[in-house]
Amino acid sequence: MILPGWPGRENRLRRQFEAAAKAALPGPLRDYYAAGFPDLAAAADTQEMVAIDLETDGLDLAASAILEAGIVPASTASVAASHARRIRFRPPEALHASSVVIHRITDDALTDALPEGEALARLLPLLSGKVLIAHFAEIEAGFLDAACRRAFGAPFVAPFICTMQLENRWFPRSRAADGLRLGKLRAAYGLPAYTAHDGLTDALACAELLMAQIAHHGCEKLTLSDLLRR
């Protein structure tokens, strides 16, 4: 349903979601869309969300593989760490040595990883019907879209909250070149330092950062739409 009076970006996203749902064949991706589009006019503090971080073997959406997805259920006020999940993807080719140095996921660690389609089939039910939280969400949105197109022949569309973009939007200021990195922003809010480039830890770190951002901005009457990536 298109909501009259809503800003164009939300209605465009909803139309993209509905078009992708029609294009999805029976299977995990259609089931994901069947859960429906979140109510973006709802109060943000009443909604269940999911923080997600992907570790990949490069930054080329078409050529690089997803290696790991870390997923942490969250809200604007809490993190359900006991329900966090890590899903490993089996890449189609040998890992690039230059990327292994960053994500530290080795061939041995991927022994029990799942082929891309099977990994997505486990991941998508965890995301269905939810707004997703990511830091620099273009990575997660782009890689999930490319993977779903390869595995299921249809796009992946989801509403994302991008904590990097939200920081710039709510608290614009001059920063160092790396001032918007996840670890730097967490430190600025007094949050503890975590080991970077681990899907599960980065998803948790992102969910906690969102809570800190909302606490500093003020959460009164915030809707999901107020938080969405633009």
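Structure report, in brief. (Residues numbered from 1 in each chain as written. Predicted model: local features only at pLDDT ≥ 70, side-chain atom pairs only at ≥ 80, totals over all residues. Heavy atoms only, no water.)

For the structure on display, the rule yields 10 salt bridges. When the shortest N-O distance is used, the salt bridge between R86 and E68 registers 3.0 Å. Here E68 lies in strand β2 (residues 66–74) and R86 lies in strand β3 (residues 85–88), a separation of 18 residues in the sequence. For E68, a relative accessible area of 1% corresponds to the buried category. When the shortest N-O distance is used, the salt bridge between D198 and R86 registers 3.1 Å. With D198 in the loop between α7 (182–188) and α8 (199–217) and R86 in strand β3, this pair connects stretches of sequence that are 112 residues apart. Judged by its relative accessible area of 34%, R86 is partly exposed. Here the salt bridges do not stand alone but share partners, grouping E68, R86, R88 and D198 into one network. (Salt bridge = Lys/Arg side-chain N within 4 Å of Asp/Glu carboxyl O. Helix = DSSP H or I, 4+ residues; strand = E, 2+ residues; numbered from the N terminus. Buried < 20%, exposed > 50% of the residue type's maximum accessible area, 1.4 Å probe, protein only.)

Spatial strand order, β3-β2-β1-β4-β5: 5 strands in an open sheet with mixed pairing. Every other strand in the sheet has two partners, leaving β3 and β5 (160–162) as the edge strands with one partner each. With strand direction ignored, the average angle separating the axes of adjacent strands in the sheet is 25 degrees. Packed on one face of the sheet, helix α5 (residues 138–152) meets β1 (49–56), β2, β4 (131–134) and β5 and runs near 75 degrees to β1. Along the sheet face, helix α6 (residues 163–170) touches β4 and β5 and points at about 60 degrees away from the line of β5. (Pairing = 2+ DSSP bridges. Axes fitted to C-alpha atoms, helices over the stretch in contact; angles between N-to-C directions. Contact = heavy atoms within 4.5 Å.)

Before going further, it helps to examine the pairing of β1. Counting buried positions over the 8 residues of β1 gives 8, a clear majority of the element. Side chains M49, A51, D53 and E55 project from β1 onto one buried face, and the interleaved V50, I52, L54 and T56 project onto a second face that is buried too. Judged from the 8 bridges that link them, β1 and β2 form a sheet pairing that is antiparallel. Considered in β2, the bridge of D53 is made with G70. Relative to β4, β1 runs parallel, the two sharing 3 bridges. Opposite V50, over in β4, you have L132 as the bridge partner.

Packed helices, taken two at a time, are described by the angle between their axes plus the distance between the axes. Relative orientation of the contacting elements α6 and α8 amounts to 15 degrees, with a least axis distance of 10 Å. Looking at the two axes, α6 sits roughly parallel to α8. With respect to the hand of their crossing, α6 and α8 are arranged in left-handed fashion. Note on element contacts: α8 touches α6 through C206, L209, L210, Q213, I214 and H217, opposite T163, L166, E167 and W170. A class-by-class count of the residues in the contact of α6 with α8 yields 6 nonpolar, 3 polar and 1 charged. (Parallel < 35°, antiparallel > 145°, perpendicular 65-115°, else oblique. Left-handed = near helix turned anticlockwise from the far one by under 90°. Nonpolar A, V, L, I, M, F, W, Y, C, P; charged D, E, K, R; others polar.)

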